[in-house]
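# Coordinate inspection notes
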Amino acid sequence: MRIIRACRELGIPTVAVYSTADKAAMHVRMADESVCIGPPAAQDSYLNIPAVVSAAIAYGADAVHPGYGFLSENGDFAEACHRSGLHFVGPRARHIRLMGDKPRALRIMKRAGVPVLPGSEGNGVTELREAQAQAKALGYPVLIKAAAGGGGKGMRIVRSAEELTRMFPLARAESEAAFGSRKMYLEKFLERARHVEFQILADNRRNVIHLGERDCSIQRRHQKVLEEAPCPVLTPRLREKMGKAAVRAAEVVGYSNVGTVEFLLTPEGEFYFIEMNTRIQVEHGVTEMVTGVDLVKESLLLAMGEPLRIRQRQVRLSGSAIECRIYAEDPDLHLPSPGVVSNHHSPGGLGVRVETALYDGYRVPVHYDPLVAKLIVHAEHRELAIARCKAALREYLIDGIKTNIPLHLKILEDPDFRSGHVATDFLARYESRAEPAAERAPRRQHARAS
Ligand code: MV4
């Protein structure tokens with residue numbers, strides 16, 4: 001729906017693809033045309049490259065936007081589009097593949113002078129004995145990552161040789177199942193860092209700019225829960241330094257279109273490149289709110305071969321934005337909560353943006369990601385954004401499914417969050433001191449949603 005909106009503004013007609021599970025989905029109703037590409041199982045529909053490409057050809061499409069899930073970071077898909085004469089709205093296949101190969105990406109960044117953490121040398125580790133030697137040299141704690149992965153799948157923190165012996169085979173099996181690769185990467189684990197990522201835009205004439213950062217430290221099991229822009233602890237000086245490193249990361253490989261450079265930031269102000277995401281991300285909205293730049297529109301124009309329309313010095317950050325990811329999940333059990341939505345009312349007002357496909361009578365399918373809405377607020381400063389966000393969450397009504405709205409209210413009231421002093425361990429610490437569900441006073445309106 002976000003992509004359809006940007007296309008409409010540009011006068012571009014749209015064709016949506018869907019699986020039989022998504023027949024009643026809002027994006028299908030909203031697009032000019034729609035095509036069913038297969039059964040619910042993603043492997044047989046949304047991940048089926050020939051099905052998507054042939055739908056695009058059959059409907060006379062000029063370009064394919066991959067969105068942010070499924071095939072969005074699949075080099076084979078970008079290449080298949082290209083071979084069929086379709087513009088792929090994203091980077092070139094070779095850059096998707098490069099950034100998907102963690103040891104290779106890190107080697108290139110290190111050589112380009114972008115700071116990286118101490119980690120495995122070479123092309124990755126498959127054998128436990130080799131992993132043990134490397135971990136010993138790095139010193140514990142060490143983080144095991146999938147060399148072909150990203151976003152936390154196959155990741156394990158290990159604090160001793162014994163833990164490594166236990167965890168390495170598990171992480172390797174997870175990587176093989178998820179990415180078809182047994183190659184792992186070991187990295188020194190930073191305990192109390194923040195996850196700070198820079199949005200970049202690049203045209204195919206090697207011009208690259210950044211649009212500032214997002215703080216995504218608040219995650220649960222590597223699923224982002226709440227993101228904000230700007231990062232509350234970045235000084236203009238550090239922003240410039242990290243921004244330059246992010247731009248350098250894109251420049252050195254000749255990257256094009258939208259991308260995100262992820263860093264870890266320590267309390268001492270040291271930062272390290274960890275990976276690059278070669279797609280528009282779920283949390284792009286907070287950057288849009290503080291920069292006023294429509295990132296999806298820019299990505300479409302860049303894919304058409306247009307030069308960048310904005311120069312670095314024209315990028316101004318204004319105010320503070322927060323995004324709450326609303327998941328259809330049981331807040332106590334952390335289990336998906338599919339069901340039929342009723343009494344849906346989404347909040348509104350100045351500085352309140354809701355991106356959702358929910359409507360009354362819609363059945364949230366069990367087959368896919370439980371993300372059902374994004375509440376994005378923008379205000380002049382962070383304190384006001386927090387207040388606005390809380391007010392909007394209390395206004396949100398959703399019956400029929402359970403959501404994590406109560407968790408968001410709890411985060412927004414947390415003194416550590418309010419002072420801006422959070423790190424990637426925030427929600428983990430949080431859950432360990434979580435009070436019983438009964439003590440959580442049900443708030444007036446969202447009580448039914450919890
Ligand atoms: C790390 C890290 C600490 N040290 N790497 C998580 C997702 C992926 N894109 C990168 N991630 C991390 N990589 C090193 N060497 C911390 C994270 C991380 C995290 C870790 C545990 C619990 C929550 C987290 C939230 C954000 C980032």
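A few points on the structure.

Rules of the game
- Residues numbered from 1 in each chain as written.
- Predicted model: local features only at pLDDT ≥ 70, side-chain atom pairs only at ≥ 80, totals over all residues.
- Heavy atoms only, no water.
- Salt bridge = Lys/Arg side-chain N within 4 Å of Asp/Glu carboxyl O.
- Helix = DSSP H or I, 4+ residues; strand = E, 2+ residues; numbered from the N terminus.
- Buried < 20%, exposed > 50% of the residue type's maximum accessible area, 1.4 Å probe, protein only.
- Near = heavy atom within 4 Å.
- Polar contact = N/O pair within 3.5 Å; in protein donor to acceptor, adjacent residues only side chain to side chain.
- Areas by Shrake-Rupley, 256 points an atom, 1.4 Å probe, with all protein chains shown as cover.
- Nonpolar A, V, L, I, M, F, W, Y, C, P; charged D, E, K, R; others polar.
- Domains from an automatic or database assignment.
- Patch = residues over 30% accessible without salt bridge, like charges linked within 9 Å, V, L, I, M, F, W, Y side chains within 5 Å.
- Lys, Arg positive; Asp, Glu negative; His and termini not counted.
- Charge placed at Lys NZ, Arg CZ, Asp CG, Glu CD.
- Pairing = 2+ DSSP bridges.
- Axes fitted to C-alpha atoms, helices over the stretch in contact; angles between N-to-C directions.
- Core = buried A, V, L, I, M, F, W, Y, C linked by side-chain atoms within 4.5 Å.
- Contact = heavy atoms within 4.5 Å.
- Left-handed = near helix turned anticlockwise from the far one by under 90°.
- Parallel < 35°, antiparallel > 145°, perpendicular 65-115°, else oblique.
- Phe/Tyr/Trp six-rings, centres within 6.5 Å; stacked < 30°, edge-to-face > 60°.
- Lys NZ or Arg CZ within 6 Å of the ring centre and 35° of its normal.

Scanning all chains against the criterion turns up 31 salt bridges. A salt bridge links Arg 97 to Glu 79, with the shortest nitrogen-to-oxygen separation between them at 2.8 Å. Remark: Glu 79 occurs in helix H4 (residues 75-83) and Arg 97 occurs in helix H5 (residues 93-100); sequence separation between them is 18 residues. Arg 97 sits in the partly exposed class, given a relative accessible area of 34%. Glu 79 gets classed as partly exposed once you look at its relative accessible area, which sits at 25%. The partner of Arg 353 in a salt bridge is Glu 288, and the shortest N-O contact between them spans 2.9 Å. Within this pair, whereas Arg 353 is found in strand E18 (residues 352-356), its partner Glu 288 is found in helix H10 (residues 284-291), the two being separated by 65 residues in sequence.

Our next topic: the site of the ligand. Around the ligand sit 17 residues, and of these Glu 187, Lys 188, Leu 190, Glu 262 and Thr 424 come closest. The contact in question runs from a nitrogen atom of the ligand to an N or O atom on the side chain of Glu 187, over 2.9 Å. Within the side chain of Glu 275, one N or O atom sits 3.1 Å away from a nitrogen atom of the ligand. Calculation on the ligand without its partners gives an accessible area of 530 Å², and the protein chains cover 93% of this total. Within the residue set of the shell around the ligand, elements represented by two or more residues are strand E5 (142-146), strand E7 (184-188), strand E11 (257-265) and strand E12 (271-277). Tallied by class, residues from the shell around the ligand come to seven nonpolar, five polar and five charged. Composition of the shell around the ligand by domain shows at least three residues from each of domain 2 (118-188) and domain 3 (194-449).

A word on a positive patch on the surface. Among the surface-exposed residues, Arg 92, Arg 94, Arg 104, Arg 107, Arg 111 and Arg 206 lie close enough to one another that they form a single positively charged patch. Here the positive patch gets three residues from one element, more than from any other, and that element is helix H6 (residues 102-111). Here Arg 104 is to be found in helix H6. Judged by its relative accessible area of 33%, Arg 104 falls in the partly exposed class.

Below, the discussion takes up helix H1 (residues 2-10). All buried positions along H1 are accounted for by Arg 2, Ile 4, Ala 6 and Cys 7. Directly after H1, the chain includes Gly 11, whose backbone phi takes a positive value near 75°.

Working definition: the strands of a sheet are paired by backbone hydrogen bonds and lie parallel or antiparallel to each other. Spatially, the eight strands line up as an open sheet ordered E12-E11-E8-E9-E10-E13-E20-E18, and their pairing is antiparallel. Every interior strand has two partners, whereas the edge strands, E12 and E18, have only one. Looking at each pair of strands side by side, their axes are set apart by 25° on average, direction ignored.

In this structure, Ile 218, Leu 393, Ile 411 and Phe 417 are the most contacted members of the largest nonpolar core, which totals 36 residues. Elements that contribute at least two residues to this core include exactly strand E10 (223-229), strand E13 (320-327), strand E20 (371-379), helix H12 (382-395), helix H13 (405-413) and helix H15 (426-432). The next biggest cluster of nonpolar side chains, apart from the first, holds 31 residues, and it includes Leu 234, Met 242, Ala 249 and Met 276.

Note that Asn 207 resides in the loop between strand E8 (194-202) and strand E9 (208-220). On the basis of relative accessibility, which here comes to 36%, the residue Asn 207 falls in the partly exposed class. Distance in space between the C-alpha atoms of Asn 207 and Lys 188 is 33 Å, their sequence separation being 19 residues. If we skip the residues at most four places from it in the chain, Asn 207 touches Leu 201, Ala 202 and Leu 308.

Interhelical geometry of H1 versus helix H11 (residues 295-303) gives an angle of 65° and a closest axis separation of 9 Å. Crossing of H1 over H11 shows right-handed handedness. In this structure, H1 contributes Arg 2, Ile 3, Ala 6, Cys 7, Glu 9 and Leu 10 to the contact, and H11 contributes Leu 295, Val 296, Lys 297, Leu 300 and Leu 301. For the contact of H1 with H11, a count of residues per class yields eight nonpolar, no polar and three charged.

Next up on the list: the packing of helix H3 (residues 49-58) against H4. The contact between H3 and H4 brings their axes to 10 Å, and the two run at 30°. Taken together, the axis directions place H3 and H4 in an arrangement best described as roughly parallel. Regarding H3 and H4, the two cross each other, and that crossing is right-handed. Between H3 and H4, the contacting residues are Ile 49, Val 52 and Val 53 on the first element and Asp 76, Phe 77, Ala 80 and Cys 81 on the second. Among the residues making up the contact of H3 with H4, the classes are represented as six nonpolar, no polar and one charged.

With that settled, consider the environment of Leu 295. Take Leu 295: it is sitting in helix H11. The exposure class assigned to Leu 295 is buried, which follows from its relative accessible area of 0%. C-alpha separation for the pair Leu 295 and His 284, spaced eleven residues apart in sequence, amounts to 7.3 Å. Leu 295 has contacts with Arg 2, Gln 199, Leu 201, Leu 211, Val 258, Ile 280, His 284, Thr 287 and Glu 288, leaving out every residue within four places of it along the chain.

What follows concerns the side chain of Arg 239. By the secondary structure assignment, Arg 239 is in helix H9 (residues 236-253). Discounting residues that sit within four places of it in the chain, Arg 239 has contacts with Phe 198, Glu 213, Pro 230, Cys 231, Leu 234 and Leu 317.

In total, this model carries seven aromatic pairs according to the counting rule given. Ring geometry for Phe 198 against Phe 263: centres 6.0 Å apart, planes inclined by 80°, an arrangement best described as edge-to-face. Placement of the pair is Phe 198 in strand E8 and Phe 263 in strand E11, with a sequence separation of 65 residues. With a centroid separation of 5.3 Å and 45° between ring planes, the pair formed by Tyr 359 and Tyr 362 is classed as tilted. Exposure class is identical for Tyr 359 and Tyr 362. Each is buried. Chaining the aromatic ring pairs together yields one cluster made of Tyr 46, Phe 70 and Tyr 368. Above the ring of Tyr 359, the side-chain terminus of Arg 29 is found at 4.5 Å from the ring centroid. Positioned above the aromatic ring of Phe 417, the side-chain terminus of Arg 382 is 4.6 Å from the ring centre.

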